[in-house]
Each structure stands twice: as C-alpha cells, then as structure tokens.
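So you can see what is in the structure, the chains are spelled out below.
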Amino acid sequence: MKKNSVLDMLYQLASPVAVILLGLLLTVNPDSASILIARILGWGLSVIAIGFGIAALLDPDHRTRKAITAVLFACAGGTLAARPLLLAAWIGQLMGLLIAIRGFRDLIISGRYGYSRILALITAGVGALLVVLPMTTSRLVFSLCGLVVLFIGVGMLVDRLKHRKRLSGGDSNIIDAL
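Residues numbered from 1 in each chain as written. Predicted model: local features only at pLDDT ≥ 70, side-chain atom pairs only at ≥ 80, totals over all residues. Heavy atoms only, no water.

Draft legend 1. Inspection of the packing of helix 2 (residues 31–58) against helix 4 (residues 85–113) at higher detail. Axis separation between helix 2 and helix 4 bottoms out at 7 Å; the angle between their running directions is 105 degrees. As far as their axial angle goes, helix 4 and helix 2 are roughly perpendicular. For the pair helix 2 and helix 4, contact is made by D31, S34, I35, A38 and L41 and by L85, L87 and A88, respectively. For the contact of helix 2 with helix 4, the class distribution of residues is six nonpolar, one polar and one charged. (Axes fitted to C-alpha atoms, helices over the stretch in contact; angles between N-to-C directions. Helix = DSSP H or I, 4+ residues; strand = E, 2+ residues; numbered from the N terminus. Parallel < 35°, antiparallel > 145°, perpendicular 65-115°, else oblique. Contact = heavy atoms within 4.5 Å. Nonpolar A, V, L, I, M, F, W, Y, C, P; charged D, E, K, R; others polar.)

Written as structure tokens, this is what we have:
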C-alpha cells in the first residue's frame, strides 16, 4: 500500500472516529457537555463584564450604572465558570417545578371532572423527582444525544469503509490515454 493511500484512508476515517469518540464521551459522561456549555457561557459573561467595565471608565455620565452592570456580569460569569453544573441543576429544578405544577393542576382537573388520575399522578411524581434530582434531565438528554451521535459516527464509518473498498484501484501502472 502506498504512503498516500494510507494517509488518505486515515484522513477519511478521522472524522467518523472523532464523531464516535464524541458520542461515547456524551454517553459515558453526560455532565461534560453541561460543564462545557456553562463554562463557555461563564467566559462570555466575563468578557461582557470587561466590556461594561471599560465602558464605565470611558463614559462619565453613566459610570455608576455601567459599573454595577459590569460587576453583575462578572459575578454571574465567575459563578458559572467556577461551578458549571449549577446552571444544569437550576434548569433541571425549574423544569421539575413546572412539571410538578402541571401534574398538580391535572390532579385538580381530573378530580373535578371525574377523569383518571393516573397520568396526573405520574406527571406530578416526575416533576417532584426532577426537583429533588435536578441533574437527571440534563444527563438523560445528553446521554440520548450521545447515543444518537455514536450511531451516526458508526454509520459514517461503515459508509466510508464501503466506499473505500469500491474506490481503491487495482494496478497503479495503468495510464489512461483519454
């Protein structure tokens, strides 16, 4: 096998292998995606805080308002960068609270109109569970996304290997005259 064909094959297989590794990472450690998103958001808020701080120094008319805004953005960005899972936990608790409220509302409506209470109880229970265990939502979502990405990567790898076999030529000494 020629050196170019080995490098070409590695180049073609690099992206499917990277997608498979990303899918495995998301499936095995779903918190890594939450941490990455929260840290990027925290760094972005810190950069915005620096911008507001510079604007506060340059604008004497609105210096206090811009300085307070800079401090608030810096606190939010620093908190997210230092404790990145805080955002995922807060969003999970908020979703759980909203689902629990919906479940209790459905319980009241089902009691009033004589409907079955099974789905309302399940909804209220899931909402209460998410309030108590808030990271469950993000872990489940990112694990499912990881499985999807993993299957896409495997599909890409299989497709590239199939096409590689068909595209590989036989004798390299053949010269095409046309």
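Draft legend 2. Up close: the packing of aromatic side chains. Summed over all chains, the structure comprises two aromatic pairs. Here F52 and F73 contribute two aromatic rings whose centre-to-centre distance is 5.6 Å and whose plane-to-plane angle is 10 degrees, an arrangement assigned as stacked. Separated by 21 residues along the polypeptide, F52 in helix 2 and F73 in helix 3 (residues 63–82) bring together distant segments of the chain. On the basis of relative accessible area, F52 is assigned to the partly exposed category, the value being 28%. (Phe/Tyr/Trp six-rings, centres within 6.5 Å; stacked < 30°, edge-to-face > 60°. Buried < 20%, exposed > 50% of the residue type's maximum accessible area, 1.4 Å probe, protein only.)

Draft legend 3. How the structure looks around the layout of surface pockets. Size it by volume and the second largest pocket reaches roughly 190 Å³. Of all the secondary structure elements, the ones that give two or more residues to the lining of the second largest pocket are helix 2, helix 4 and helix 6 (135–167). Looking at the lining of the second largest pocket, the element that brings in the most residues is helix 4, giving five residues. Class assignment of the residues belonging to the lining of the second largest pocket gives a composition of nine nonpolar, four polar and no charged. (1 Å grid on protein atoms, 1.4 Å probe; cavity = no way out; pocket = protein on both sides within 12 Å on 5 of 7 lines; lining within 4 Å. Points joined across faces, edges and corners; volume = space filled by probe spheres on them.)

Draft legend 4. The arrangement of helix 3 in detail. Look at helix 3: 28 Å from first C-alpha to last across 20 residues, which is about the 28 Å you get at 1.5 Å a residue. Within helix 3, the full set of buried residues consists of K66, A70, G77 and L80. Seen along its axis, helix 3 keeps its buried residues to an arc of 100 degrees; they face one direction. When the buried face of helix 3 is taken as reference, the exposed residues oriented beyond 90 degrees from it are T64, L72 and A82. In this fold, the buried residues of helix 3 make contact with helix 2 and helix 4. (Expected span 1.5 Å × (residues − 1). Arc of directions from axis to C-beta.)

Draft legend 5. Region of the structure containing helix 5 (residues 118–132). End to end, helix 5 covers 21 Å across 15 residues, agreeing with the expected 21 Å (1.5 Å per residue, within 8%). Along helix 5, the residues classified as buried are A120, A124, G127 and L130. An end-on view of helix 5 places all buried positions within 125 degrees of arc, on one side of the element. In helix 5, the exposed positions that point more than 90 degrees away from the buried face belong to I118, L121 and V132.

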